[in-house]
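What follows is the residue order along each chain.
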Protein chains: 2
Amino acid sequence: MASQARPLTKKEIREENEKLILEAAEKVFAEAGFGGATVQLIADMAGLPKANLHYYFPTKEALYRQVVQNIFHDWLKAADIFDEAPGPIEGLGAYIDAKLEISRRHPAGSKVWASEVMHRAPVIQDYLETTLVEWTDGRMAVIQRWIDAGLMDPIDPRHLLYMLWATTQHYADFGHQIETLNNGRPLSDRQWRDVKESVKTIILKGIGARPAQ
Amino acid sequence: MASQARPLTKKEIREENEKLILEAAEKVFAEAGFGGATVQLIADMAGLPKANLHYYFPTKEALYRQVVQNIFHDWLKAADIFDEAPGPIEGLGAYIDAKLEISRRHPAGSKVWASEVMHRAPVIQDYLETTLVEWTDGRMAVIQRWIDAGLMDPIDPRHLLYMLWATTQHYADFGHQIETLNNGRPLSDRQWRDVKESVKTIILKGIGARPAQ
DNA sequence: AATTTTCTTGACCGGTTGGTCAGGTTGTGG
DNA sequence: CCACAACCTGACCAACCGGTCAAGAAAATT
């Protein structure tokens, strides 16, 4: 029965425990908010004593900050598709798919982000003012190029971006409401496919997207 | 200087204080979440001693419940426009305008609702299962009738409703992010007009809305 | 004017929370 | 094998929080 347990290296221990803590923290922060979350609950969910958690993350706020930063970086990564696309149909279509997939697979992260922004971004305001502003400007430029090339109607790129964020993240942030309106059941594979289809159809038609070439 | 202060009736005192408390509570709950909000802070913001607040609302949860219920009723009221409209252009257009106006004038309420739903609706789950389900079914029927009458494309009414909620409430819930991306300034009258225009344009074109008759 | 009901509030309390710490255990590098 | 550094944790604490209460002030009722 006893597995041949090679002793873990310090590095492995550290990586493993930090991962356990961060995963547990994301869930607890998402379900209870920063104020409602307790370090004890995060520790229990990670399977560690509270004091051990404080060994890796000195304060509740430091842990929270790390959780939010990880989410933010995941999101930025998911948007590279944007730049390589020949036009809005491919670019926006793939972006909508990617963001809806994140909402499906990673809803807790989306909720933590939403909560942070709703509370006036006390810990990531600097990121909003630097990284997010740059990222948004870059993407707006891409959309403007598509407009100039006659590939879509002259929509204000900013409002289009907000609509994309709103619509895709809604399925994570308001997942509980959507589930309740779906007879208490989570959306099926088929329903998620329909969501992607509906969102892409409405938005791409709504902005008058035309195939490149 | 001294105003001729007629002594307030008990009824006036009660109404005035409950209003002060509810307004303060909505702001504090929106900014800090249920868990992060403290009764003391709400009392301070309302200009009353904490013990006095507990005289009107026995527990923090009872106060919170009242705040959420008020928001919910405001929202339902704002959607009567839907039924009287001859087609999607008038009905959805007016609904988008109304919901964006609420996001602008009443962002705290929207945030409290979002927070409540994100935390799995611990205090208004029964409302979701009854009132919200009925309301949604009714509105979906209206949209389906428009589709059957050839006034718009055959879009799944459910996903259309979610998109309307997501897009309009986004401007309240993520108002801080939007403000940051707007050089730290709140949206101007002109910008709010552009928002309404963009959202209506994209969605109405996106669903292929045609004028009734 | 007397009595009752409603409103007000400083002081207080038990429970919880984030965080500390001393002393122990375990892997690591020489 | 030894000395050191990294990791672990039960016990503890000060601060804070939601809620209570008793005693008084103000309005309503008679």
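Conventions used here
Residues numbered from 1 in each chain as written. Chains lettered and ligands numbered in written order. Predicted model: local features only at pLDDT ≥ 70, side-chain atom pairs only at ≥ 80, totals over all residues. Heavy atoms only, no water. Helix = DSSP H or I, 4+ residues; strand = E, 2+ residues; numbered from the N terminus. Buried < 20%, exposed > 50% of the residue type's maximum accessible area, 1.4 Å probe, protein only. Contact = heavy atoms within 4.5 Å. Areas by Shrake-Rupley, 256 points an atom, 1.4 Å probe, with all protein chains shown as cover. Near = heavy atom within 4 Å. Polar contact = N/O pair within 3.5 Å; in protein donor to acceptor, adjacent residues only side chain to side chain. Nonpolar A, V, L, I, M, F, W, Y, C, P; charged D, E, K, R; others polar. Core = buried A, V, L, I, M, F, W, Y, C linked by side-chain atoms within 4.5 Å. Axes fitted to C-alpha atoms, helices over the stretch in contact; angles between N-to-C directions. Parallel < 35°, antiparallel > 145°, perpendicular 65-115°, else oblique. Left-handed = near helix turned anticlockwise from the far one by under 90°. Domains from an automatic or database assignment. Buried area = accessible area lost by both parts, 1.4 Å probe. Salt bridge = Lys/Arg side-chain N within 4 Å of Asp/Glu carboxyl O.

When helices and strands are counted, chain A shows 11 helices and zero strands. Going from N to C terminus, chain A has its helices and strands arranged as α-α-α-α-α-α-α-α-α-α-α. For chain A, the spread of C-alpha atoms along the three principal axes comes to 65 × 40 × 40 Å. Relative to its 213 residues, chain A shows a buried fraction of 53%. Across chain A, the fraction of contacts at a sequence separation of at least 24, relative to all contacts at a separation of at least 6, is 71%. Surface summary for chain A: the accessible area is close to 10,300 Å², and the carbon and sulfur share equals 53%.

Moving on: the protein's contact with DNA strand C. Taken together, 21 residues lie near DNA strand C, and Lys50(A), Lys60(A), Arg14(B), Tyr55(B) and Tyr56(B) sit nearest. In DNA strand C, the atoms that sit within 4 Å of the protein are 65% sugar and phosphate, with bases accounting for the remainder. In the environment of DNA strand C, a phosphate oxygen lies 2.7 Å from a nitrogen or oxygen atom belonging to the side chain of Arg14(B). Going through the elements one at a time, α3 (50-56) of chain A together with α1 (10-36) and α3 (50-56) of chain B are the ones with two or more residues in the surface near DNA strand C. Of the residues belonging to the surface near DNA strand C, the class tally is 10 nonpolar, six polar and five charged.

Here the focus is unusual backbone geometry. Residues and elements named next belong to chain A. Backbone geometry places alanine 121, a non-glycine residue, at a positive phi of 50°. Here alanine 121 is to be found in the loop between α7 (107-118) and α8 (125-148). On the basis of relative accessible area, alanine 121 is assigned to the buried category, the value being 1%. Phi is positive for asparagine 183, which is not a glycine, with a value near 60°. Inspection of the secondary structure assignment puts asparagine 183 in the loop between α10 (175-180) and α11 (189-206).

Before going further, it helps to spend a moment on the protein's contact with DNA strand D. With respect to spatial proximity, 21 residues lie near DNA strand D, and among them Arg14(A), Tyr55(A), Tyr56(A), Lys50(B) and Lys60(B) are the closest. Close to the protein, within 4 Å, the atoms of DNA strand D are drawn from sugar and phosphate at a rate of 62%. Note that a phosphate oxygen of DNA strand D is positioned 3.0 Å from one of the backbone N or O atoms of Lys10(B). Val39(B) is positioned such that a nitrogen or oxygen atom in its backbone is 3.0 Å from a phosphate oxygen of DNA strand D. When residues of the surface near DNA strand D are traced back to their parent elements, those giving at least two are α1 (10-36) and α3 of chain A together with α3 of chain B. Here the surface near DNA strand D is composed, by residue class, of 10 nonpolar, six polar and five charged.

Attention now goes to the nonpolar core. Membership of the largest hydrophobic core comes to 146 residues, with the highest contact counts inside it found for Leu63(A), Trp113(A), Leu160(A), Leu63(B), Trp113(B) and Leu160(B). Not counting residues up to four positions away in its chain, the partners in contact with Leu160(B) are Ile202(A), Leu92(B), Ile143(B), Met152(B), Ile155(B), Ile203(B) and Ile207(B).

Once that is clear, we can look at the packing of helix α9 (residues 157-173) of chain A against α11(A). Residues and elements named next belong to chain A. One can describe the packing of α9 onto α11 by two numbers: an axis separation of 12 Å at closest approach and a directional angle of 165°. One element, α9, and the other, α11, form an angle in the roughly antiparallel class. Considering only the axes of α9 and α11, their crossing is right-handed. Note on element contacts: α11 touches α9 through Trp192, Val195, Val199 and Ile203, opposite Leu160, Met163, Leu164, Thr167 and Tyr171.

With that settled, the discussion passes to the domain arrangement of chain A. Interfaces are often sized by the accessible area lost when the parts come together. All names here are of chain A. The domain boundaries assigned to chain A delineate domain 1 (10-58) and domain 2 (67-206). On a C-alpha basis, the centroid separation for the pair domain 1 and domain 2 is 28 Å. With six residues of domain 1 in contact, the opposing surface of domain 2 contributes eight residues. Both faces combined, the contact of domain 1 with domain 2 buries some 580 Å², and carbon together with sulfur accounts for 71% of it. Looking only at domain 1, the three residues that lose the most surface to domain 2 are Leu22, Glu26 and Ala30, adding up to 74% of its buried area. Here domain 1 is connected to domain 2 by one residue pair in polar contact (both at pLDDT 80 or more).

Tallying the contact residues gives 55 residues for chain A and 55 residues for chain B. Summing the contributions of chain A and of chain B, the shared interface buries around 4,800 Å²; its carbon and sulfur component is 66%. When the buried area of chain A at its contact with chain B is split by residue, Met118(A), Leu181(A) and Ile202(A) rank highest and sum to 16% of it. Linking Lys205(B) and Asp153(A) is a salt bridge whose minimum nitrogen-to-oxygen distance equals 2.6 Å. Our count for the chain A to chain B interface comes out at 15 residue pairs in polar contact (both at pLDDT 80 or more). When contributions to the side of chain A that touches chain B are tallied by element, the ones reaching two or more residues are α1, α7, α8, α9, α10 and α11 of chain A. By residue number, the principal contributor to the side of chain A that touches chain B is α9(A), which donates 12 residues. Its residues placed into classes, the side of chain A that touches chain B shows 25 nonpolar, 19 polar and 11 charged.

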